[in-house]
Amino acid sequence: MDNDTITKSQLAAYKPTTAYVGTSWAVMLVGILAYLFGLWNAQSMLLNEKGYYLAVLALGLYAAISLQKTLRDRAEGIPTTQLYYMISWAALALSVVLIAMGLFNAAGLSLSEKGFYMMAFTMSLFAAVTIQKNTRDEAQINALIAPIHSLNVSSAAKLNHQESSESGKSLFGTVKSRIDNKD
């Protein structure tokens, strides 16, 4: 094999492992469930305060996933509007500011409780971003491998690497455009 080919097994090597995907889901579930369990058992919080922290978590999760997707789209040359990009950043920043302000001003919570909520919040956001990335990686690898099955054996062994004009594209974007151009 020469240096200008990519095989199906090399593409599959970019797919996240089952252990990594499972761990990402487990971390998100633990983070969200711990956060919710903490809210459920918080006896010093009123119901409206619990609702505030729940809404901040929901906003943070959505904003983190949306921002990660937008950043990935931009990196792969998929058009995104500047407005949506800025809204994604603003929503993520707002969720972090809201949780920090809420915990800072929560007089009824001990320092360890405040740390617990912040830790569960950040852990959940990070895991949500990782899950979105894993999901997209798996979908792209499957989309790239599927056309290989329909190609004949000689062309399946050779998928050209990116040319210098495609240097801004990701591996996935480059290989996909090469497959599409062969059709």
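In what follows, the accompanying structure is described. Here the structure is a predicted model, which means the values were calculated and not measured.

### Focus: the environment of Ile-65
Of note, Ile-65 is situated in helix 3 (residues 47–75). In this structure, the C-alpha to C-alpha distance between Ile-65 and Phe-126, residues 61 residues apart in sequence, is 9.2 Å. Those residues in contact with Ile-65, other than ones at most four positions away along the chain, are Ala-128, Val-129 and Gln-132.

### What about the packing of aromatic side chains?
Using the criterion set out here, one finds four aromatic pairs in the structure. Measuring from ring centre to ring centre gives 5.2 Å for Tyr-52 and Tyr-53, while their planes differ by 80 degrees; the resulting arrangement is edge-to-face. Between the aromatic rings of Tyr-53 and Tyr-117, the centroid separation amounts to 6.1 Å while the plane-to-plane angle is 15 degrees, which identifies the pairing as stacked. Highlighted residues: Tyr-53 in helix 3 and Tyr-117 in helix 5 (residues 111–150), separated in sequence by 64 residues. Residue classification places Tyr-117 among the buried positions, given a relative accessible area of 3%. Joined through ring pairs, the aromatic side chains of Tyr-35, Tyr-52, Tyr-53, Phe-116 and Tyr-117 make up one cluster. For Arg-74, the ring lying beneath its charged end belongs to Tyr-85, and the centroid distance is 3.9 Å.

### Quick word on the environment of Leu-103
Take Leu-103: it is sitting in helix 4 (residues 82–104). Classification of Leu-103 as buried rests on a relative accessible area of 4%. The residues contacting Leu-103, other than those within four sequence positions of it, are Tyr-53, Leu-109, Lys-114, Tyr-117 and Met-118.

### Side note on the pattern of salt bridges
With the rule as written, the count across this model stands at six salt bridges. Between Glu-76 and Arg-136 there is a salt bridge whose closest N-O contact spans 3.2 Å. Highlighted residues: Glu-76 in the loop between helix 3 and helix 4 and Arg-136 in helix 5, separated in sequence by 60 residues. Residue Glu-76 is classed as buried on the basis of its relative accessible area, which comes to 10%. On the basis of relative accessibility, which here comes to 13%, the residue Arg-136 falls in the buried class.

### Some remarks on the packing of helix 2 (residues 18–41) against helix 3
Helix packing geometry: the angle between the two helix axes and the distance between the axes. It is the contact of helix 2 with helix 3, at a shortest axis distance of 10 Å, that shows an interaxial angle of 165 degrees. On the basis of the axis angle, helix 2 is roughly antiparallel to helix 3. Crossing geometry of helix 2 relative to helix 3 is assigned as right-handed. On helix 3, the residues that touch Ile-32, Tyr-35, Leu-36, Leu-39 and Trp-40 of helix 2 are Lys-50, Tyr-53, Leu-54, Leu-57 and Leu-61. Looking at the contact of helix 2 with helix 3 residue by residue, the classes come out as nine nonpolar, no polar and one charged.

Parameters at a glance
Sequence order as written defines the numbering, with residues in each chain counted from 1. Totals for whole chains, interfaces and linings use all residues, but because this is a predicted model, local features are given only for residues with pLDDT of at least 70 and pairs of side-chain atoms are given and counted only at 80 or more. To obtain the side-chain values, all non-hydrogen atoms of the structure were used and water was disregarded. To qualify as a helix, a DSSP run of H or I must reach at least 4 residues; to qualify as a strand, a run of E must reach at least 2; elements of each kind are numbered from the N terminus. In this description, contact between two residues means that some pair of their heavy atoms is separated by no more than 4.5 Å. In summary, the pairing rule links any two rings of Phe, Tyr or Trp, Trp by its six-membered ring, whose centres are within 6.5 Å, and it sorts them by plane angle into stacked for under 30 degrees, edge-to-face for over 60 and tilted for everything else. When accessible area is computed with a 1.4 Å probe and restricted to protein chains, residues below 20% of their type maximum are described as buried, those above 50% as exposed, and intermediate ones as partly exposed. Any Lys NZ or Arg CZ that is within 6 Å of a ring centre and within 35 degrees of that ring's normal is treated as a charge sitting over the ring. The salt bridge criterion pairs a side-chain nitrogen of Lys or Arg with a carboxyl oxygen of Asp or Glu, the two atoms within 4 Å. Inter-axis angles, ranging from 0 to 180 degrees, are taken between N-to-C directions of lines fitted to C-alpha atoms, where helices are fitted over the stretch in contact. Working definition: roughly parallel below 35 degrees, roughly antiparallel above 145 degrees, roughly perpendicular at 65 to 115 degrees, and oblique for all remaining angles. The sense of a crossing depends on the near helix, which, turned anticlockwise from the far helix by less than a right angle, makes the crossing left-handed and, turned clockwise, makes it right-handed. Residue polarity follows a fixed list, in which Ala, Val, Leu, Ile, Met, Phe, Trp, Tyr, Cys and Pro are nonpolar, Asp, Glu, Lys and Arg are charged, and the others, Gly among them, are polar.

Functional significance is not addressed by these values, which are geometric in nature.
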